[in-house]
Amino acid sequence: YYAIIPATVRYDERLSANSKLLYGEITALTNEKGYCWAGDTYFADLYNVGKSTIQNWLRSLEQNGYITREVVYEEGTKKIIQRQIKLVVHPIPNNEHTLCQKNGIPYAK
């Protein structure tokens, strides 16, 4: 699978580099069902960090509007069946006749 990190995420200074990397991983894992169902342990093992670190990265992505998280419970109980992470799609403006700039320096899209 390919990981996709759009410019809105890549250049968002509110996000850590690792949050951006995690976003890319989530994009790769959403291909099959339209959402990512990987748990914190999966990501923690993948990036060799603690689960609390993964939760911080996910919280950052969620608070900044890039993902949503939903917990699915077994019917009639509080038993968690699955957590679903969904990407929040932001339309990319059509600026095909202009150069983008980062820190005052033009770069190609």
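Residues numbered from 1 in each chain as written. Predicted model: local features only at pLDDT ≥ 70, side-chain atom pairs only at ≥ 80, totals over all residues. Heavy atoms only, no water.

J.: Any details on the pattern of salt bridges? Residues and values, ideally.
T.: Between side chains of opposite charge, a pair can form when the charged atoms approach closely. One pass over the structure, following the stated rule, counts four salt bridges. The partner of Arg 83 in a salt bridge is Asp 40, with the nearest N and O atoms 2.6 Å apart. Placement of Arg 83 in strand β2 (residues 80–87) and of Asp 40 in helix α3 (residues 40–47) is noted, with a sequence separation of 43 residues between them. We note that Arg 83, like Asp 40, is buried. As a salt-bridge pair, Glu 74 and Lys 79 come within 3.9 Å of each other at their nearest N and O atoms. The exposure class of Glu 74 is partly exposed, given its relative accessible area of 35%. On the accessibility criterion, Lys 79 (52% relative accessible area) is exposed. (Salt bridge = Lys/Arg side-chain N within 4 Å of Asp/Glu carboxyl O. Helix = DSSP H or I, 4+ residues; strand = E, 2+ residues; numbered from the N terminus. Buried < 20%, exposed > 50% of the residue type's maximum accessible area, 1.4 Å probe, protein only.)

J.: Hey, could you go over the pairing of strand β1 (residues 67–73) for me, with residue numbers and the actual values?
T.: Strand direction decides the pairing type here: β1 and β2, joined by seven bridges, are antiparallel. Residue pairing in the sheet places Glu 70 in a bridge with Gln 84 of β2. Counting the residues that bridge the hairpin from β1 to β2 gives six residues, and of these Gly 76 lies at a positive phi of roughly 80°. (Pairing = 2+ DSSP bridges.)

J.: Describe unusual backbone geometry, listing the residues and the values that go with them.
T.: Phi angles above zero are rare outside glycine, and Asn 48 is one such case at about 55°. Looking at the secondary structure, you find Asn 48 in the loop between α3 and α4 (51–63). Note on Asn 48: relative accessible area 71%, which makes it exposed.

J.: How would you sum up the packing of aromatic side chains? Please name residues and give values.
T.: Taken as a whole and assessed by the stated rule, the structure comprises four aromatic pairs. Taken together, a centroid distance of 6.2 Å and an interplanar angle of 75° make the contact between Tyr 23 and Tyr 66 edge-to-face. Within this pair, whereas Tyr 23 is found in helix α2 (residues 17–29), its partner Tyr 66 is found in the loop between α4 and β1, the two being separated by 43 residues in sequence. Judged by its relative accessible area of 6%, Tyr 66 is buried. Between Tyr 42 and Phe 43, the aromatic rings sit 5.5 Å apart at their centres with planes inclined by 70°, giving edge-to-face as the arrangement. Looking at Tyr 42, the relative accessible area reads 39%, which means it is partly exposed. (Phe/Tyr/Trp six-rings, centres within 6.5 Å; stacked < 30°, edge-to-face > 60°.)

J.: Before we move on, can you summarise a nonpolar patch on the surface with the specific residues and values?
T.: On the surface, a cluster of nonpolar side chains totalling about 280 Å² of accessible area is made up of Val 71, Tyr 73 and Ile 80. Checked against the element boundaries, Val 71 lands in strand β1. (Patch = residues over 30% accessible without salt bridge, like charges linked within 9 Å, V, L, I, M, F, W, Y side chains within 5 Å. Areas by Shrake-Rupley, 256 points an atom, 1.4 Å probe, with all protein chains shown as cover.)

J.: Before we move on, can you summarise the packing of α2 against α3 with the specific residues and values?
T.: At a minimum axis separation of 12 Å, α2 and α3 run at an interaxial angle of 120°. Relative to α3, α2 is oriented oblique. Of the two elements, α2 crosses α3, and the hand of that crossing is right-handed. Along its contact with α2, which presents Leu 21, Leu 22, Glu 25, Ile 26 and Leu 29, the element α3 presents Tyr 42, Phe 43, Leu 46 and Tyr 47. Residue classes in the contact of α2 with α3 are distributed as eight nonpolar, no polar and one charged. (Axes fitted to C-alpha atoms, helices over the stretch in contact; angles between N-to-C directions. Parallel < 35°, antiparallel > 145°, perpendicular 65-115°, else oblique. Left-handed = near helix turned anticlockwise from the far one by under 90°. Contact = heavy atoms within 4.5 Å. Nonpolar A, V, L, I, M, F, W, Y, C, P; charged D, E, K, R; others polar.)

Honestly, that's just the spatial picture; any functional story needs more than this.
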